[in-house]
Amino acid sequence: MSETLENLLNETRQFPPPAEFAAAANLTESAYAEARADRLAFWERQAHRLSWAKEWDQVLDWSNPPFAKWFVGGQLNVAYNCLDRHIEAGRGDKVAIHFEGEPGDTRTITYADLHRSVCQAANALTDLGVVAGDRVAIYLPMIPEAAVAMLACARIGATHSVVFGGFSADALAGRIDDASAKIVITADGGFRRGKPSGLKSIVDEAVARTPSIEKVLVVQRTGQDIEWNSKLDLWWHETVETAPAEHEAQAFDAEQPLFILYTSGTTAKPKGILHTSGGYLTQASFTHHAVFDLKPDSDVYWCTADIGWVTGHSYIVYGPLSNGATQVMYEGTPDTPHRGRFWEIVQKYGVTILYTAPTAIRTFMKWGDDIPAQFDLSSLRLLGSVGEPINPEAWMWYREKIGGGTTPVVDTWWQTETGAIMISPLPGVTAAKPGSAMRPLPGITADVVDDQANSVPNGGGGYLVLHEPWPSMLRTIWGDDNRFKETYWSRFEGMYFAGDGAKKDSDGDLWLLGRVDDVMLVSGHNISTTEVESALVSHPKVAEAAVVGATDPTTGQAIVAFTIPRGGVETEGEAGEALIQELRNHVAKTLGPIAKPRQIMLVAELPKTRSGKIMRRLLRDVAENRSLGDVTTLQDSTVMDLISSGLNSGK
Ligand code: WT7
């Protein structure tokens, strides 16, 4: 990747924090020096953010790499740290969750309410025979019971495996089997795009072939008709809501497994990423405090992710609740019943901190500036982004149109495997550059290396690696220690290989370039799909773009771009042809002639996974005129028909 293009390095805009923000910030510049001076002592101080039943004897045991143990000998209860200790400190009446259902129903849940529900669920699960170490599958919509179920497992030392509510019966059955889960917690359905969508029917199909499941616990959310299997099924309201509300939390070992979360990867069997308790909660809590500058008494925090992704685990459940935050939880989609729904929620609850994904931000750009402009967004003081590289233009739009041109924007890089944010600006410290995740957080050591594992100099590009184990690191892949070693620790000796390409600019700040599989080789030059996409999105007529490399007889690979024009842009006939030429020239001018796309197609939608990542694999199939591969993880399966049918006109 040494020949990567230089465009991102030319981004010169930089936005220091507002003075008042910096003056009141949770972390100051000195945190970096403190962590550098003694990394383990730094993490030990962060672990003291939590209440431990027993102190650890050793901060880190790295005697058997890559298998790390943090806070060895320490004992704590994760749910106690998220609930009881806030109540004991007199904060039981504080709102933990403002729940907003898609149809407009709301619930206000205090820490005392949440504690009561979690204790009931812990007692109910215990009655059903769940003991510490057992696995419990959770397949729920974005409703408060999802957080209750997770915390109830944590409270009794059981390991939860949350499966995103949009996954198929096959995917659910595979995950239940892999972990031999004993119980699955689900709902009749959830509300999506104005309709009740079924979950229980999918669970029925899955459990018909998963012998490990003993009981199915069903939350009534939509009231839709469902099949009832009296041998397996139990209603949540008859089981949990009638259980005793007293439950004493027992302390577990710092390395007690807390959850398994499956990442799909591109082709192979999903990997069950295993996270444990003490180190995970330490880093989720610390990063939520540091990166979101959370002030529990005044902030209203909203992370728009689904609980089925790691973002929901770390930044809806464990980070915010361990910090005593008040947060918004929203069940539905951003365009139901109208395209201003998110901004209406920000206005209604006075949201101060918003954490969302680039794919959502680009969608809002496409829908037009006039929509957020209709709402009062002045409560916002900090914006965050996660999930993909954020194009500089999308970053600028987010800051200007949502943040009123003043809020810091934190672009947070991390993975299911890292458990918590690893690379991000500190909002009260860093002068952020649009599109850069900037620097590793205090206590984290990241670098960019070349093929031979040499650190690249400033201005160079290569592979992102992490040098030292961190508290919320995955401990293994469930049931497959070898695959854990192979996948993450074998590419470069002694380093964690994240699978992402990255660049260091002349100041040493980091620019993430997407998965290394998404780098194209055009006439011997490495070009990252992210760079070409950012160049396209920087054109005023473009809302979103996805770029792939297609086999080409002359250049090896050629650049093919799928582009969504902004609302109101003329795309029919000659106007469309002219726009395509204009965009090809724009890329050539921005990045250099080598990056000029061979072909640009104007499309209405892009194929995305349910977590919002572009499925470049399918676009490569289209670009190379192949029949489409597996589309089962697509968020909207009609998108590919739309794209394929529009193709002939697009060249
Ligand atoms: C991959 C991890 C972390 C929670 C959501 C995704 C990409 C994530 C960024 C960012 C550039 C990013 C990487 C990473 N990614 N955040 N701020 N800038 N890329 O979790 O599904 O495990 O995906 O998402 O490629 O490896 P995940």
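Given the structure is predicted, the values throughout are model-derived calculations rather than measurements. (Residues numbered from 1 in each chain as written. Predicted model: local features only at pLDDT ≥ 70, side-chain atom pairs only at ≥ 80, totals over all residues.)

Let us look at the overall build of the protein chain. Across its full length, the protein chain holds 21 helices and 30 strands. The C-alpha radius of gyration of the protein chain comes to 24 Å, within 12% of the 26 Å expected for a compact globule of 651 residues. Each principal axis of the C-alpha distribution contributes one length, and for the protein chain these read about 70 × 60 × 50 Å. Looking at the protein chain as a whole, 52% of its 651 residues are labelled buried. Relative to all contacts within the protein chain whose residues are 6 or more apart in sequence, the contacts with residues 24 or more apart total 70%. (Helix = DSSP H or I, 4+ residues; strand = E, 2+ residues; numbered from the N terminus. Rg over C-alpha atoms; globule rule 2.2 N^0.38 Å. Buried ≥ 20, exposed ≤ 12 C-beta atoms within 10 Å, placed from the backbone. Contact = placed C-beta atoms within 7 Å.)

With that out of the way, let us pick up the pairing of strand β30 (residues 599-602). As paired elements, strand β29 (residues 556-565) and β30 share four bridges and run parallel to each other. Its bridge partner being in β30, threonine 563 is matched across the sheet by leucine 602. Between the parallel elements β29 and β30, the chain passes through helix α19 (residues 573-591) in a crossover that is right-handed. (Pairing = 2+ DSSP bridges. Right-handed = clockwise from strand over helix to strand, strands pointing away.)

Below, the discussion takes up the sheet that holds strand β23 (residues 476-477). Spatial ordering of the open sheet is given by β12-β11-β8-β6-β7-β14-β15-β23, a layout of eight strands whose pairing is mixed. The open sheet has two edge strands, β12 (233-235) and β23, and neither has a second partner. Note: strand β14 (residues 257-263) against strand β15 (residues 271-276), six bridges, orientation antiparallel. Counted as the bridge partner of phenylalanine 259 is histidine 275 from β15.

This chain's UniProt record puts "domain: Acetyl-coenzyme A synthetase N-terminal" (unreviewed entry) on residues 29-82. Measuring from the first to the last C-alpha atom of residues 29-82 gives 28 Å, for a span that is 41% helix and 28% strand. (UniProt positions renumbered as here; feature names shortened; annotations may be inferred.)

In the vicinity of the ligand lie 22 residues, with Pro389, Trp413, Gln415, Thr416 and Leu512 positioned nearest. At the level of elements, α12 (310-322), β20 (409-412), β24 (496-504) and β25 (510-515) are the ones that each hand at least two residues to the shell around the ligand. In terms of residue class, the shell around the ligand is made up of nine nonpolar, nine polar and four charged. (Near = placed C-beta within 6 Å. Nonpolar A, V, L, I, M, F, W, Y, C, P; charged D, E, K, R; others polar.)

Turning our eyes to something else, we now look at unusual backbone geometry. Excluding glycine, a negative phi dihedral is what most residues carry, and trans is how most peptide bonds are arranged. Omega for the bond connecting proline 65 with proline 66 falls within 30 degrees of zero, at 5 degrees, which places this linkage in the cis form. In the segment running from threonine 336 into proline 337, the intervening peptide bond is cis, with an omega of -5 degrees. One can find proline 337 in the loop between β17 (326-330) and α13 (341-349). For serine 180, which is not a glycine, the phi torsion comes out positive at approximately 45 degrees. The topology assignment puts serine 180 in the loop between α8 (169-179) and β8 (183-187).

Looking now at the sheet that holds strand β4 (residues 95-100). Spatial ordering of the open sheet is given by β5-β4-β17-β16-β18-β19-β20, a layout of seven strands whose pairing is mixed. Edge positions in the open sheet fall to β5 (106-110) and β20, since each of these has one partner strand only. Ignoring strand direction, the axes of neighbouring strands in this sheet form an average angle of 20 degrees. Across the sheet, α13 is in contact with β4, β16 (300-303), β17 and β18 (353-356); its angle to β17 comes to roughly 150 degrees. (Axes fitted to C-alpha atoms, helices over the stretch in contact; angles between N-to-C directions.)

Burial within β15 is extensive, with six of its six residues counted as buried. Side chains Lys271, Ile273 and His275 of β15 all project onto a buried face; the interleaved residues Gly272, Leu274 and Thr276 project onto the opposite face, where all are buried too. Direction of pairing for β15 relative to β23: antiparallel, over a ladder of two bridges. When the sheet's bridge partners are listed, leucine 274 is paired in β23 with threonine 476.

Further remarks concern the packing of helix α14 (residues 358-367) against helix α16 (residues 392-402). Where α14 meets α16, the axes come as close as 10 Å, and the angle between the chain directions of the two elements is 70 degrees. When the axes of α14 and α16 are compared, the pair comes out roughly perpendicular. Facing α14, whose interface residues are Pro358, Ile361, Arg362 and Met365, α16 presents Ala394, Trp397 and Tyr398. Per-class residue counts for the contact of α14 with α16 are six nonpolar, no polar and one charged. (Parallel < 35°, antiparallel > 145°, perpendicular 65-115°, else oblique.)

With 13 of its 13 residues buried, α12 lies for the most part within the structure. After α12 finishes, the residue glycine 324 shows a positive phi value of roughly 70 degrees.

Before going further, it helps to examine the environment of methionine 422. With respect to the helices, strands and loops of the structure, methionine 422 is situated in the loop between β20 and β21 (446-449). Since 25 C-beta atoms lie within 10 Å of it, methionine 422 is described here as buried. Those residues in contact with methionine 422 that sit more than four places away from it in its chain are Trp413, Trp414, Pro440, Leu441, Ile444, Ala446 and Leu466.

Let's shift gears to helix α11 (residues 278-291). Counted at 1.5 Å a residue, the expected span for α11 with its 14 residues is 20 Å, and the 20 Å between its end C-alpha atoms agrees. With 14 of 14 residues buried, α11 lies mostly within the body of the structure. One or two positions beyond α11, positive phi appears at aspartate 293, with a value near 50 degrees. (Expected span 1.5 Å × (residues − 1).)

Bringing the packing of helix α18 (residues 529-537) against α19 into the picture now. When two helices pack together, their arrangement is given by the angle between the helix axes and by the axis-to-axis distance. Between α18 and α19, the shortest axis-to-axis distance is 9 Å and the interhelical angle comes to 120 degrees. Two packed elements cross with a definite hand, and for α18 against α19 that hand is right-handed. Taking contact as the criterion, the partners of Glu531, Val532, Ala535 and Leu536 in α18 are, on α19, Leu583, His586, Val587, Thr590 and Leu591. Within the contact of α18 with α19, the residues separate by chemical class into six nonpolar, two polar and one charged. (Left-handed = near helix turned anticlockwise from the far one by under 90°.)

What follows is about the environment of tryptophan 62. Along the chain, tryptophan 62 falls in strand β1 (residues 58-64). For tryptophan 62, a count of 12 C-beta atoms within 10 Å puts it in the exposed group. Remark: the alpha-carbon pair of tryptophan 62 and alanine 96, spanning 34 residues in sequence, is separated by 37 Å. Excluding anything up to four places from it in sequence, tryptophan 62 contacts Ala68 and Pro469.

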